[in-house]
Amino acid sequence: DDLRVRLHDNPRRIFHLGVSGDAAVEIDPDETWVVRAAELQTRCDWTPFEGMKLRGRVTRVTVGGETRYAGGVVAAAPGSGRNLRKEIE
């Protein structure tokens, strides 16, 4: 329940997102992996967590029935998202 609050309820509240039944995030709570900046989907080329071993990983994200992320690959078309930061400023 704490995981749901931190990763679902709080982001929805912070970014003023409506309730949507067409999005799903699948996770593997038992997968272990080592953080490598080169493998992260971010503009930054470093992370303070470099080399840290973690447990749990997002495996797939679907929105509107379309897979947007799977197996470490972002499949969403460039520009298809929303800049949520601008919406809360």
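Structural data are supplied above this passage.
Caption draft 1: Broad picture of the pairing of strand β3 (residues 66–70). Sheet topology places strand β2 (residues 53–63) next to β3; four bridges connect them, and they run antiparallel. From the neighbouring strand, R60 faces β3, where its bridge partner is A70. Linking β2 to β3, which pair antiparallel, is a turn of two residues; within it G64 sits at a positive phi near 60°. Relative to strand β4 (residues 73–74), β3 runs antiparallel, the two being bridged by two bridges. Bridging from a neighbouring strand, Y69 pairs with V74 of β4. Two successive antiparallel strands, β3 and β4, enclose a turn made up of two residues, where G71 displays a positive phi of approximately 60°.

Caption draft 2: Spatial organisation of the sheet that holds β4. Strand order in this open sheet of four strands is β1-β2-β3-β4, and the pairing throughout is antiparallel. A single partner strand is all that each edge strand has here, and the edge strands are β1 (23–34) and β4.

Caption draft 3: Examining the pairing of β2 more closely. Here nine bridges tie β1 to β2, and the two strands are oriented antiparallel to one another. Paired with E26 across the strands is R60, a residue of β2.

Caption draft 4: Quick look at the pattern of salt bridges. Following the criterion strictly, the structure yields five salt bridges and no others. For R6, the salt bridge identified is with D2, shortest N-O distance 2.9 Å. Of this pair, R6 and D2 both sit in helix α1 (residues 2–14), four residues apart, roughly one helical turn. For R6, a relative accessible area of 56% corresponds to the exposed category. Owing to a relative accessible area of 48%, D2 belongs among the partly exposed residues under this scheme. Salt-bridge contacts for D9 lead to R4; the nearest nitrogen and oxygen are separated by 2.5 Å. A relative accessible area of 26% means that D9 is categorised as partly exposed.

Thresholds, definitions, all that
Residues numbered from 1 in each chain as written. Predicted model: local features only at pLDDT ≥ 70, side-chain atom pairs only at ≥ 80, totals over all residues. Heavy atoms only, no water. Pairing = 2+ DSSP bridges. Helix = DSSP H or I, 4+ residues; strand = E, 2+ residues; numbered from the N terminus. Salt bridge = Lys/Arg side-chain N within 4 Å of Asp/Glu carboxyl O. Buried < 20%, exposed > 50% of the residue type's maximum accessible area, 1.4 Å probe, protein only.

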